[in-house]
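Chain by chain, the residues:
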Amino acid sequence: MIGAAHAPAVERPVYGVGEVIDADFAQPGCLGIEDEEVDGPVVIELGTQGQRLFDGFCLNTPNFSLALPGMPYDGPAPEAFMLRDDLIGHFRHYADSIDAPVRTGEDVTRIAPAEGGGFNVATTQGSWRARNVVLATGGYQQPKIPALSAQLPGHILQLHTDSYRNPGQLPDGAVLIVGTGQSGGQIAEELAVGREIHLAVSTCPEAPRRYRGQDLLYWMMQLAQFGPDYGLNGLTVGQLPSPAARFACNPLVSGADGGHDIHLRDLGRRGVRLHGHLEAADDGDLFFSDDLPERLGLVEAAFYQRMKPMFDSYIAAAGMSAPEPEPPRKDDWLPAEPARLNLDAANVTSVLWATGYRLDFSILDIPVLDEWNYPRHHRSVTEHPGLYAVGLPWLTGHGSSIVAGVGRDAEYIAQHIAANIAAR
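From a predicted model like this one, the values you see are computed outputs, not experimental measurements.

Colleague: Let's hear about helix H2 (residues 182-191): which residues, and what values?
Modeller: When you tally the buried positions in H2, you get 7 out of 10 residues, the bulk of the element. Three or more residues of H2 are buried, namely Gly 184, Gly 185, Gln 186, Ile 187, Ala 188, Glu 189 and Leu 191. Residues of H2 that are buried sit in contact with strand E12 (174-178), strand E13 (197-200), strand E16 (253-254), strand E17 (260-261), helix H4 (264-269) and strand E22 (348-353).

Structure representation (structure tokens):
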């Protein structure tokens with residue numbers, strides 16, 4: 001996840017993958033470098049994010065959304081979707097173009113208050129002293145694997161999607177994918193060519209890749225940025241029904257092959273074995289909820305109940321010209337899979353856990369986390385002076401965790417830091 005901060009006080013923007021440190025009074029000699037002078041922010045990059053993406057990864061947001069401050073996307077294919085290596089190269093090019101002081105392959109291991117103010121920051125290469133710290137680790141920190149995974153037989157290969165790279169990792173045989181978020185859907189499509197796939201369906205909503213003449217993300221970006229001007233605040237954090245909603249699934253769409261919808265019933269018709277929610281395991285027997293028809297209906301209806309009305313209201317309020325909306329798909333096809341699956345009988349040799357991530361701020365020796373391990377904050381400014389967060393899901397709104405939205409939160413952080421510097 002990309003975090004961003006612009007530090008006017010040192011006249012240099014800062015971007016990073018990982019923890020971003022404003023080291024405007026970093027101690028000479030730190031990191032084992034004698035008398036090193038640091039006259040601006042230092043970006044410490046964890047350096048592993050790109051390595052954690054599977055080989056066939058394709059960004060699910062269009063290229064036009066890769067709008068970094070000072071460098072909007074200006075390539076030949078704004079509606080296309082970058083592959084993994086192109087995406088990594090895009091951010092490296094940006095870092096080079098602004099001469100960002102990025103330190104790669106350096107993990108932050110502890111952040112603690114320093115005597116007299118500021119922070120002591122320990123890394124795998126030494127220690128820093130910093131006045132301000134911006135946590136830019138994103139929301140995909142610790143793979144989340146259900147406890148029942150321990151009940152599966154030992155000969156079954158188990159991988160979280162965080163560790164999945166390509167089909168060659170998996171032994172011959174059928175594969176069970178648990179979860180139907182974006183990674184689960186995209187990997188199911190990849191593996192369904194030549195393998196038997198079982199898919200445990202979650203409640204992540206389906207959505208059209210394009211709606212009323214534009215990519216889905218175009219309307220989400222418009223609504224997030226300009227919707228409040230028309231009294232449309234549905235994508236602001238204050239409209240969430242509960243703190244847990246910050247971690248809700250993203251729409252089930254793909255950027256592969258030019259971008260397309262993913263429909264679970266279509267996968268079923270192509271031979272993917274659809275199951276309900278995985279509820280229990282007893283050695284080689286797995287048990288799923290028997291609510292698959294209702295579950296599919298919920299997944300298919302979610303966009304039309306929540307997002308579509310907001311998009312339509314925004315288009316009308318802003319006086320925008322757009323094609324008339326298409327009616328919802330009607331599809332009554334239903335699978336006939338039993339609620340019990342014996343792994344050996346079905347020749348399932350691998351289980352992929354597409355079950356998402358949890359936040360992990362164990363590096364923080366500062367009590368600023370709520371019960372969800374989410375930093376307590378107001379507009380990215382945490383309760384602890386000098387500590388900020390950026391790039392987290394629903395930090396200030398729906399766009400806070402996508403590249404185009406991070407810059408707005410980062411700009412506010414930069415202004416806050418600059419005001420504090422001016423007041424010293």
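Colleague: Tell me about the confidence of the model for the protein chain, and please be specific about residues and values.
Modeller: Per-residue confidence for the protein chain averages 86 on the pLDDT scale, and 88% of its residues sit at or above 70. Scored below 50 in pLDDT, residues 1-39 shows 125 contacts in the model against residues more than four places distant or in partner chains.

Colleague: Which residues make up the state of the cysteines, and what values go with them?
Modeller: In total, this model carries 1 disulfide according to the counting rule given. Here Cys 204 is linked by a disulfide to Cys 249, with a sulfur-sulfur distance of 2.1 Å. In this structure the cystine formed by Cys 204 and Cys 249 twists about its S-S bond by roughly -45°; its chirality is therefore left-handed. A residue pair is termed long-range when its members are at least 10 positions apart, and Cys 204 in the loop between E13 and strand E14 (210-211) and Cys 249 in the loop between helix H3 (216-226) and E16 qualify at 45 residues. You can call Cys 249 partly exposed: its relative accessible area is 39%.

Colleague: Go over the sheet that holds strand E20 (residues 285-288) with me, naming the residues and quoting the values.
Modeller: Spatially, E19-E20-E21 is the arrangement adopted by the 3 strands of the open sheet, whose pairing is antiparallel. A single partner strand is all that each edge strand has here, and the edge strands are strand E19 (278-282) and strand E21 (340-342). Averaged over all pairs of adjacent strands, the angle between their axes in this sheet comes to 20°, without regard to strand direction. Of the strand pairs in this sheet, E20 and E21 are connected by 3 bridges, and their pairing is antiparallel. By the bridge assignment for E21, Asp 285 is matched with Asn 342.

Colleague: Please give an account of the sheet that holds strand E8 (residues 126-130) that cites residues and values.
Modeller: With respect to topology, 3 strands assemble into an open sheet ordered E6-E7-E8, the strand pairing being antiparallel. The open sheet has two edge strands, strand E6 (108-113) and E8, and neither has a second partner. Strand-to-strand twist across the sheet, computed as the mean angle between neighbouring axes with direction ignored, equals 20°. The sheet contact formed by strand E7 (residues 119-123) and E8 spans 5 bridges and is antiparallel. Directly across from Val 121, in E8, lies its bridge partner Trp 128.

Colleague: Please give an account of the pattern of salt bridges that cites residues and values.
Modeller: Enumeration over the complete set of coordinates arrives at 19 salt bridges. In this structure, Arg 103 engages Glu 106 in a salt bridge whose closest nitrogen and oxygen atoms are separated by 3.3 Å. We classify Glu 106 as buried; its relative accessible area is 0%. As a salt-bridge pair, Lys 308 and Asp 312 come within 2.8 Å of each other at their nearest N and O atoms. Separated by 4 residues within a single helix, Lys 308 and Asp 312 lie in helix H5 (residues 292-317), roughly one turn from each other. For Lys 308, a relative accessible area of 19% translates into the label buried. When salt bridges that share partners are traced, they join Asp 266, Arg 269, Arg 329 and Asp 331 into one network.

Parameters at a glance
- Residues numbered from 1 in each chain as written.
- Predicted model: local features only at pLDDT ≥ 70, side-chain atom pairs only at ≥ 80, totals over all residues.
- Heavy atoms only, no water.
- Buried < 20%, exposed > 50% of the residue type's maximum accessible area, 1.4 Å probe, protein only.
- Helix = DSSP H or I, 4+ residues; strand = E, 2+ residues; numbered from the N terminus.
- Contact = heavy atoms within 4.5 Å.
- pLDDT = per-residue confidence, 0-100.
- Disulfide = S-S within 2.5 Å.
- Pairing = 2+ DSSP bridges.
- Axes fitted to C-alpha atoms, helices over the stretch in contact; angles between N-to-C directions.
- Salt bridge = Lys/Arg side-chain N within 4 Å of Asp/Glu carboxyl O.

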